[in-house]
Amino acid sequence: MNQHIFANLEHTFNDLLELFFPSLCIACGNRLVSQEKYLCLSCWADLPVTNFHLEAENKVAQIFWGRVQIENATAWFHFRKGSNYQQIIHFIKYKGIKELGLECGKRLGSCLADSEGYKNIDAIVPVPLHPKKHKKRGFNQSEWIAKGISEMLEKPLITGNLHRKIHTSTQTKKNRLERWQNVEGIFAVKNPEEFSGKHLLLIDDVATTGATLEACAEPLLNSENTKVSIATLAYADI
Ligand SMILES: [Zn+2]
């Protein structure tokens, strides 16, 4: 009985909250209707997808040519400066909306599940944060994206084995060269056997210069017989 009253109260409270603080689409600012969350249906439909997962020689794959052996690389949507869709990354990373990271991971994961290049993935590995940063932020955004992908590909998520040895400053205000220098040699694998013989899918929120992804791929490839592919939510030209 009490449970029923509480459920009703909660319902009323949510309705009131909705009345005074209506949820708005983070991309266009329009009011969301009941089944919509974070983005309205038309913004989801207009997402500037890259379809890079259907094209082996795409712009993200080209970043790594001649640098590091990557099987397949893709990013889900274009991230243009000032674009409304920049908000997706902002909300996941800086406003801590983990659920949106998970949702985006699932949507990207369902694209990958239908793609030839990602069919033989064995495990999903998110780009790790330094433990200090992880503690401060409370979560790793790449891990939530990876969780969604792992669910859709039905492959295990492996966290903790690839780790960040050195705490570095943020990449966002750095130029191309500084970005490479900032992350070189900062990642390592604790137990190479856990990765050996596996095709790993490395996950990050945004691919820009590829510096962080390359710095992660190198120690992954030092495990015996590993292959590495890459998927990010967004691709940003800088
Ligand atoms: Zn919208």
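Here, the structure is the one placed above.
As the structure is a computational prediction, the values presented were derived from the model and not from experiment.

Conventions and cut-offs
- Residues numbered from 1 in each chain as written.
- Predicted model: local features only at pLDDT ≥ 70, side-chain atom pairs only at ≥ 80, totals over all residues.
- Heavy atoms only, no water.
- Core = buried A, V, L, I, M, F, W, Y, C linked by side-chain atoms within 4.5 Å.
- Buried < 20%, exposed > 50% of the residue type's maximum accessible area, 1.4 Å probe, protein only.
- Helix = DSSP H or I, 4+ residues; strand = E, 2+ residues; numbered from the N terminus.
- Contact = heavy atoms within 4.5 Å.
- Phe/Tyr/Trp six-rings, centres within 6.5 Å; stacked < 30°, edge-to-face > 60°.
- Lys NZ or Arg CZ within 6 Å of the ring centre and 35° of its normal.
- Salt bridge = Lys/Arg side-chain N within 4 Å of Asp/Glu carboxyl O.
- Donors = N, O, S within 2.8 Å, 3.2 Å for Na, K, Ca; no water.
- Axes fitted to C-alpha atoms, helices over the stretch in contact; angles between N-to-C directions.
- Parallel < 35°, antiparallel > 145°, perpendicular 65-115°, else oblique.
- Left-handed = near helix turned anticlockwise from the far one by under 90°.
- Nonpolar A, V, L, I, M, F, W, Y, C, P; charged D, E, K, R; others polar.

### Examining the nonpolar core
1) Next: Counting 36 residues, the largest nonpolar core has Leu39, Phe77, Ile88, Leu100, Ile149, Leu201 and Leu233 as the members making the most contacts within it.
2) Next: Listing elements by their share of this core, those giving two or more residues are helix H2 (41-45), strand E1 (73-79), helix H4 (86-93), helix H5 (98-113), helix H7 (141-153), strand E5 (199-207) and strand E6 (227-236).
3) Next: The contact partners of Ile88, leaving out residues within four places of it in the chain, are Ile26, Leu39, Leu47, Phe77, Leu100 and Cys104.
4) Next: Judged by nonpolar contacts, the second largest core, of 32 residues, contains Phe52, Ala73, Val125 and Leu202.

### Quick notes on the packing of aromatic side chains
1) Next: One pass over the full model with this rule turns up three aromatic pairs.
2) Next: Put simply, the rings of Trp44, Trp76 and Phe77 touch in pairs and so form one group of aromatic residues.
3) Next: Sitting over the ring of Trp44, Arg107 keeps its end group 3.7 Å from the ring centre.
4) Next: Lys147 extends its terminal NZ or CZ atom over the ring of Trp144, reaching a point 4.0 Å from the ring centre.

### Thoughts on the pattern of salt bridges
1) Next: With the rule as written, the count across this model stands at six salt bridges.
2) Next: Residue Lys37 is joined to Glu99 by a salt bridge in which the shortest nitrogen-to-oxygen separation is 3.0 Å. Of this pair, Lys37 sits in the loop between helix H1 (2-20) and H2 while Glu99 sits in helix H5; the two residues are 62 residues apart in sequence, bridging distant segments of the chain.
3) Next: The class of Glu99 is partly exposed, set by a relative accessible area of 40%.
4) Next: The residue Arg107 makes a salt bridge to Glu103 at a minimum N-O spacing of 2.7 Å. Linking Arg107 with Glu103, this pair stays in helix H5, spanning four residues, or about one helical turn.
5) Next: For Arg107, a relative accessible area of 30% corresponds to the partly exposed category.
6) Next: Residue classification places Glu103 among the partly exposed positions, given a relative accessible area of 29%.

### A closer look at the coordination of the zinc ion
1) Next: Ligation of the zinc ion by protein atoms is provided by Cys25 (SG), Cys28 (SG), Cys40 (SG) and Cys43 (SG), these donors lying 2.3 Å from the ion.
2) Next: Motif for the zinc ion, donor spacing along one chain: C-x2-C-x11-C-x2-C. Here the residue Cys25 occupies a position in the loop between H1 and H2, and Cys43 occupies one in helix H2, the gap between them amounting to 18 residues. Comparing Cys25 with Cys43 shows no difference in burial state: the two are buried.

### Digging into the packing of H4 against H5
1) Next: The N-to-C vectors of H4 and H5 enclose an angle of 130°; their axes lie 7 Å apart at closest approach. Relative to H5, H4 is oriented oblique. Note that H4 runs across H5; the crossing there is left-handed. In this structure, H4 uses Ile88, Phe91 and Ile92 to contact H5, whose residues at the interface are Leu100, Gly101 and Cys104.
2) Next: Across the contact of H4 with H5, the residue classes break down as five nonpolar, one polar and no charged.

### A closer look at H4
1) Next: Those residues of H4 that sit buried are Ile88, Ile89, Phe91, Ile92 and Lys93.
2) Next: Buried residues in H4 make contact with E1, H5, helix H6 (131-137), H7, E5 and E6.

### Looking at helix H10 (residues 211-221)
1) Next: With nine of its 11 residues buried, H10 lies for the most part within the structure.
2) Next: Among the residues of H10, those classed as buried are Ala211, Thr212, Leu213, Glu214, Ala215, Cys216, Ala217, Pro219 and Leu220.
3) Next: Turning to H10, the residues buried within the fold contact strand E3 (162-164), helix H8 (176-183), strand E4 (187-189), helix H9 (192-195), E5 and E6.

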